[in-house]
Amino acid sequence: MCDTFVLRTDAGMVLAKNSDRDPNEAQLWEWTAAADHEPGATARTTYVEVPQVDRTHATLVSRPWWMWGAEMGANEHGVAIGNEAVFTKEPTSLEPGLLGMDLLRLALERATTADEAVQTMVGLLEEHGQSGSCSVEHPKFTYHNSFLVADRDSAVVLETAGRHWATEPVKGPARSISNGLTIPEFAERYADRLRGRVASCDVRQTLTQHRASTAHGVRQAMRILRDNGTGRGPRWSPLTGSMVGPNMHAGGWLASSQTVSSWVSHLGTGMHWSTGSADPAFAPFVPLRVDAPVGQDAYPTEGVDNRRDDRSLWWRHERLHRQALRDWSRAEALVAADRDRLKRSWTADPPSTEEALAAGLEARERWLPAVVQVTARDTRPWWARRQWQSYDRDADRAREVVA
């Protein structure tokens, strides 16, 4: 479950996305350099290999730890893409194949404009289709995909149902997509309305479309991504947790997605910002650049997975995040001023990624003791508490099995 939108500004398009996935699914940034490839080479994706192209572009993506494909990312030519799970009447398949996230990353490697990226994904979709498990925690979960694709001057919505597809250029000041089909004739033919209602996609898409239409840049995009749809704390449902805003909170029995990473690309400047961690209300947006990879010393990723692991940015943030969930509103009010100070500073004059990572970790260590104090009483309903206890046990159990 995800939410993605674009804003049109005088300085170029801004693309923003929350990646909402399983609560223990760490998400990692990955830099890949441009490269030339020999004739006959293949590209290895999550499950399958496909023919490689002569040259691939430098990319920066945010991907689930177990997956080759990416939820969101950008390339050296100023193309950025975010994807959404969509539920359609077309049958899905667990047969190993290309995931929607694989299509996204392949397009970033092969395209220099938004239109080229769309053509790349359509070509791969028509030739190979889309299939395979989309979750390591729930191996039988699979879905089709929609995409928002942007470059400096334009953006395109691409929606799919199996091997079928439709596109729509973005013409207004903003465009939002969520977990349902939105191109009218395509949606009428292929949308699974029942599963869309369970995912609350219409509620979130309407909210983000409205707020994005009056937003003016990167800081406003970040504020929209923090919105849990209530103007206060999460609105808990025993079936779906809190899924009424772009900032989702897990805790339901039927559907339980958590915002595990957030992303904003300013395609006029080539700057990108990402939390690299859950719940953007408690995570600074770190400035990133496609041409400035960060090493393992500053940003450890080797061995990071669904096990609790304080070496990584993602799991270190979970110490703060899971404590804050006990009383989200009080905890958010406590960190908001300091978080927003970092946002203003890092968007006005972005430091190096390494400097921002260090400052962000220091901020979390500064916030944690105070958050512990204001969340002494757990205000969540009993079913949400029980679900999060289960997620914690799973993270610890996975660590023990490997150890």
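Provided above is the structure to which this section pertains.
This write-up is about the structure you can find in this document. Treat the numbers as computed from the prediction; the structure is a model and nothing was measured. (Residues numbered from 1 in each chain as written. Predicted model: local features only at pLDDT ≥ 70, side-chain atom pairs only at ≥ 80, totals over all residues. Heavy atoms only, no water.)

**Thoughts on empty space enclosed by the protein**
- Within the structure shown, the criterion is met by two cavities of 30 Å³ or more.
- Looking at the largest cavity, its volume works out to about 50 Å³.
- For the largest cavity, the full set of lining residues is Arg-316, His-317, Arg-319, Leu-320, Leu-361, Arg-364, Glu-365 and Leu-368.
- Contributing elements (two or more residues each) for the lining of the largest cavity: α7 (313-324) and α9 (353-374).
- Split by residue class, the lining of the largest cavity holds three nonpolar, one polar and four charged.
- By volume, the second largest cavity amounts to about 30 Å³.
- Lining the second largest cavity are Arg-226, Pro-280, Ala-283, Pro-284, Phe-285, Arg-339 and Lys-343. (1 Å grid on protein atoms, 1.4 Å probe; cavity = no way out; pocket = protein on both sides within 12 Å on 5 of 7 lines; lining within 4 Å. Points joined across faces, edges and corners; volume = space filled by probe spheres on them. Helix = DSSP H or I, 4+ residues; strand = E, 2+ residues; numbered from the N terminus. Nonpolar A, V, L, I, M, F, W, Y, C, P; charged D, E, K, R; others polar.)

**A few points about the layout of surface pockets**
- Taken as a whole, the largest pocket holds about 640 Å³ of empty space.
- The wall of the largest pocket is formed by 31 residues, among which Asp-22, His-138, Ala-255, Ser-256 and Ser-257 lie closest to the centre.
- It is helix α10 (residues 382-402) that provides the largest number of residues to the lining of the largest pocket, a total of four residues.
- When grouped by side-chain class, the residues that make up the lining of the largest pocket number 14 nonpolar, nine polar and eight charged.

**Overview of the pattern of salt bridges**
- Applying the stated criterion across every chain, the model contains 28 salt bridges.
- For Arg-63, the salt bridge goes to Glu-30, with nearest N and O atoms at 2.4 Å. Note that Arg-63 is positioned in strand β8 (residues 59-64) and Glu-30 in strand β3 (residues 27-32), a separation of 33 residues in sequence.
- What you see here is one network of salt bridges that share partners, running through Lys-17, Arg-21, Glu-25, Glu-71 and Glu-84. (Salt bridge = Lys/Arg side-chain N within 4 Å of Asp/Glu carboxyl O.)

**Some details on the side chain of Asp-309**
- Note that Asp-309 resides in the loop between β17 (286-288) and α7.
- Among the polar contacts listed, one links the side chain of Asp-309 to the side chain of Arg-311, at a separation of 2.5 Å. (Polar contact = N/O pair within 3.5 Å; in protein donor to acceptor, adjacent residues only side chain to side chain.)

**Describing the sheet that holds strand β14 (residues 174-177)**
- What the six strands build is an open sheet, ordered β14-β1-β2-β15-β16-β17; its pairing is antiparallel. The sheet is open, and its two edges are formed by β14 and β17, each paired on a single side. When the angles between neighbouring strand axes are averaged without regard to direction, this sheet yields 15°.
- With four bridges connecting them, strand β1 (residues 2-9) and β14 associate as antiparallel partners. (Pairing = 2+ DSSP bridges. Axes fitted to C-alpha atoms, helices over the stretch in contact; angles between N-to-C directions.)

**Side note on the sheet that holds strand β12 (residues 155-161)**
- One open sheet accounts for seven strands, arranged β3-β8-β9-β10-β11-β12-β13; its pairing is antiparallel. Both outer strands of the open sheet, β3 and β13 (164-169), are each paired with one neighbouring strand and no more. If you compare each strand with its neighbour and ignore which way they point, the axes differ by 20° on average.
- Of the strands in this sheet, β3, β8, β9 (72-75), β10 (80-86) and β11 (144-150) touch helix α1 (residues 100-110), which is tilted by about 165° from β10. (Contact = heavy atoms within 4.5 Å.)

**A word on the nonpolar core**
- Judged by nonpolar contacts, the single largest core of 60 residues is most densely connected at Val-6, Trp-29, Trp-263, Phe-282 and Tyr-299.
- Considering every element that reaches this core, the biggest residue donor is α9, with seven residues.
- Counting 25 residues, the second-largest nonpolar core is a separate cluster that includes Val-50, Leu-98, Leu-103 and Val-118. (Core = buried A, V, L, I, M, F, W, Y, C linked by side-chain atoms within 4.5 Å. Buried < 20%, exposed > 50% of the residue type's maximum accessible area, 1.4 Å probe, protein only.)

**Overview of the pairing of β11**
- Taken across its seven residues, β11 has seven buried, putting it largely inside the fold.
- Because side chains alternate across β11, one face comprises the buried residues His-144, Ser-146, Leu-148 and Ala-150, and the other comprises Asn-145, Phe-147 and Val-149, equally buried.
- Examined bridge by bridge, β10 and β11 share seven bridges and lie antiparallel to one another. Residue Glu-84 lies in a different strand from β11, and its bridge partner there is Ser-146.
- Where β11 meets β12, five bridges bridge the pair, whose relative direction is antiparallel. Bridging across to β12, Ala-150 finds its partner in Ala-155.
- Once β11 ends, the chain turns through four residues before running back antiparallel as β12.

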